[in-house]
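Report on the structure
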Amino acid sequence: MADVAVVDYGMGNLHSVAKAVEHVAPGAEVVVTSDPGAILAAKRVVFPGQGAARDCMAAINDRGLREAIVQAAASKPFLGICMGLQVLFEHSEEGDTPCLGVFPGNVVRFPDERMRDDQGNKLKVPHMGWNNVRQTRPHPLWTGIDDGARFYFVHSFYVDPADPALAIGTSSYPYDFVCACARDNVFAVQFHPEKSAAAGLRLLANFVTWDGNSQPMSL
Amino acid sequence: MGLAKRIIPCLDVTAGRVVKGVNFVNLRDAGDPVEIARRYDDQGADELTFLDITASSDDRDLILHIIEDVAAQVFIPLTVGGGVRQPNDVLRLLNAGADKVSINTSAVSNPQLVKDCSDRFGSQCIVVAIDAKQTVWGAQPRWEVFTHGGRRPTGLDAVEWGRKMQDLGAGEILLTSMDRDGAKIGFDLNLTRAFSDALRIPVIASGGVGNLQHLCDGVSKGGADAVLAASIFHFGEYTVEQAKRAMAEQGIEVRL
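So, on to the pattern of salt bridges. Residue and element names in this part refer to chain A. All chains considered together, the criterion is met by 21 salt bridges over all chains. The closest approach of N and O atoms between Lys-43 and Asp-3, which form a salt bridge, is 2.9 Å. Here Lys-43 is found in the loop between helix 2 (36–41) and strand 3 (44–47), whereas its partner Asp-3 is found in the segment before strand 1 (4–7), with 40 residues between them in sequence. When its relative accessible area of 43% is taken as the criterion, Lys-43 is described as partly exposed. A relative accessible area of 22% places Asp-3 in the partly exposed class.

The gaps of empty space that remain are located by a probe, the size of a water molecule, rolled over the atoms. What the rule picks out here adds up to two cavities of 30 Å³ or more. When its volume is computed, the largest cavity comes out at roughly 80 Å³. Residue composition of the lining of the largest cavity, grouped by class: three nonpolar, three polar and three charged.

Time to look at the interface of chain B and chain A. Tallying the contact residues gives 39 residues for chain B and 29 residues for chain A. Summing both partners gives a buried area of about 2700 Å² for chain B against chain A, and 55% of it is carried by carbon and sulfur. Interface area lost by chain B to chain A is led by Leu-3, Phe-75 and Gln-124 of chain B, which between them contribute 28%. Linking chain B with chain A are three salt bridges. In this structure, the salt-bridge partner of Glu-253 of chain B is Arg-150 of chain A, at a minimum N-O distance of 2.6 Å. If you look at where chain B meets chain A, you find 20 residue pairs in polar contact (both at pLDDT 80 or more). Every element with two or more residues in the side of chain B that touches chain A is listed here: helix 2 (62–71), helix 3 (87–96) and helix 7 (189–198) of chain B. A breakdown of the residues in the side of chain B that touches chain A according to their chemical character gives 19 nonpolar, seven polar and 13 charged.

What follows deals with the pairing of strand 1 of chain A. Consecutive side chains along a regular strand alternate between the two faces of the sheet. Residues and elements named next belong to chain A. With burial as the criterion, each face of strand 1 is covered, one bearing Val-4 and Val-6 and the other bearing Ala-5 and Val-7. Summarising the sheet, strand 1 and strand 2 (residues 30–33) pair through four bridges and their orientation is parallel. Among the inter-strand pairings, Val-6 is bridged to a residue of strand 2, identified as Val-32. By the bridge criterion, three bridges tie strand 1 to strand 3 in an arrangement that is parallel. Within strand 3, the position partnered with Ala-5 by the bridge is Val-45.

On to the packing of helix 6 (residues 158–167) of chain B against helix 7 of chain B. Residues and elements named next belong to chain B. It is the contact of helix 6 with helix 7, at a shortest axis distance of 10 Å, that shows an interaxial angle of 35°. Considering the relative orientation of helix 6 and helix 7, their crossing is right-handed. Across the interface between the two elements, Ala-158, Val-159, Gly-162 and Arg-163 from helix 6 touch Ala-194, Phe-195 and Ala-198 from helix 7.

Bringing the nonpolar core into the picture now. If you look at the biggest cluster of nonpolar residues, it comprises 79 residues, and the most contacted ones within it are Leu-48, Phe-50, Ile-173, Phe-195 and Leu-215 of chain B. When sequence neighbours within four positions are dropped, the list of residues in contact with Phe-195 of chain B reads Ile-130, Ala-158, Val-159, Gly-162, Ile-173, Leu-175 and Val-203 of chain B. The next biggest cluster of nonpolar side chains, apart from the first, holds 45 residues, and it includes Ile-145, Ala-199, Leu-204 and Val-208 of chain A.

Within this model, the second largest pocket holds a volume of roughly 910 Å³. Taken together, 32 residues line the second largest pocket, and the ones lying closest to its centre are Asp-117, Gln-119, Asn-121 and Leu-123 of chain A together with Lys-5 of chain B. Of all the elements in the fold, those that place two or more residues in the lining of the second largest pocket are helix 7 and helix 8 (212–220) of chain B. Considering every element that reaches the lining of the second largest pocket, the biggest residue donor is helix 7 of chain B, with three residues. Residues belonging to the lining of the second largest pocket are distributed by class as follows: twelve nonpolar, eight polar and twelve charged.

About the thresholds
- Residues numbered from 1 in each chain as written.
- Chains lettered and ligands numbered in written order.
- Predicted model: local features only at pLDDT ≥ 70, side-chain atom pairs only at ≥ 80, totals over all residues.
- Heavy atoms only, no water.
- Salt bridge = Lys/Arg side-chain N within 4 Å of Asp/Glu carboxyl O.
- Helix = DSSP H or I, 4+ residues; strand = E, 2+ residues; numbered from the N terminus.
- Buried < 20%, exposed > 50% of the residue type's maximum accessible area, 1.4 Å probe, protein only.
- 1 Å grid on protein atoms, 1.4 Å probe; cavity = no way out; pocket = protein on both sides within 12 Å on 5 of 7 lines; lining within 4 Å.
- Points joined across faces, edges and corners; volume = space filled by probe spheres on them.
- Nonpolar A, V, L, I, M, F, W, Y, C, P; charged D, E, K, R; others polar.
- Contact = heavy atoms within 4.5 Å.
- Buried area = accessible area lost by both parts, 1.4 Å probe.
- Polar contact = N/O pair within 3.5 Å; in protein donor to acceptor, adjacent residues only side chain to side chain.
- Pairing = 2+ DSSP bridges.
- Axes fitted to C-alpha atoms, helices over the stretch in contact; angles between N-to-C directions.
- Left-handed = near helix turned anticlockwise from the far one by under 90°.
- Core = buried A, V, L, I, M, F, W, Y, C linked by side-chain atoms within 4.5 Å.

Okay, here's the thing in structure tokens:
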């Protein structure tokens, strides 16, 4: 039984994620796997992903991973990254794609007409680079990370949770959008902790020791 | 608060070593790639770009080992370019730990490659590198695309070419002024501005940085989303952190 299973559904570079997890958890058994049994057996699951929503969902369904992902998200410490956050929702505007429906709400695109900063400069899409993440609620995975710390983003769509209580972090481009969600044993982020230097490694280190409880620790 | 402008040190790699030349010739040894990558990460680099300028295909696989070593130790985005001809080259670099792959000459000889790769791997990991040189085409300044490390003219208008690459799925443009590369007199700001105004995807300005003000100008005057430089960092003239402080003093949003 692996300590951490990184779900491989053929979308993007999973080596960075696996290497970063190995870096913060020396000695832990980290497997990159597309085997539903291995995902269900692992103690904790990282669900990454890049690319288009429709391709991601097709790859998940084709590989028979849907059940295992949904079950893992219902039962053990689970970290979604980038597309691994977006496809947890019900529907993505990208390719008009039905998604996993673990979380209520939809995934929407940065609208062209709003992509101006306060000086009127055009803002580029994808939102690519390092942006501040405001921790809108306390969570064990924020431990040791400054509120407002910068993380690395690359995306053109973002999540719009139907339940405001899911939001645990926001960023701004140029308006506030939800970039981190948590409920029970699931924590999922739009940014890439595996590419976010010290802040990202700290978040991953917090994840590999997390008990899966989303209530803030009492001090 | 907000999206930071990125500073990207660039490492030209050949035969396993980082080198730096002027106008793509007269190469000087600048050190071990893994060591240099770690140093820039410590200094706060936002991203690293590796350009494999290896001439011989025998040594091509060396870059894969270098990227593997760097990716196991440095947890910021890594872009790799040089010699990318087919989707399988992109796959091998991504599997070695690259986050983005930069395509230059092959995009000109086979534009469909950009579409195939962005469809297959996602736009977020496909950077198109454009080497541009100013030319005389009527009254307005225009720029022509060059390939093969800046040696071969293509007859393509650079800005038009940038738009086409965007339409084919490029996620970002790495824009190098061949007139300025290695010359240390600053970016070609007209070129940078022409691209940042014409495109909706991020533009990385490259070629010509000799001091920290040049980096600031690339953003504030050229409108670049990121600035790339090599020699001012490699030979210890400035650290990435000094560059960021200089930008922050001029009101540019940076990650410090």
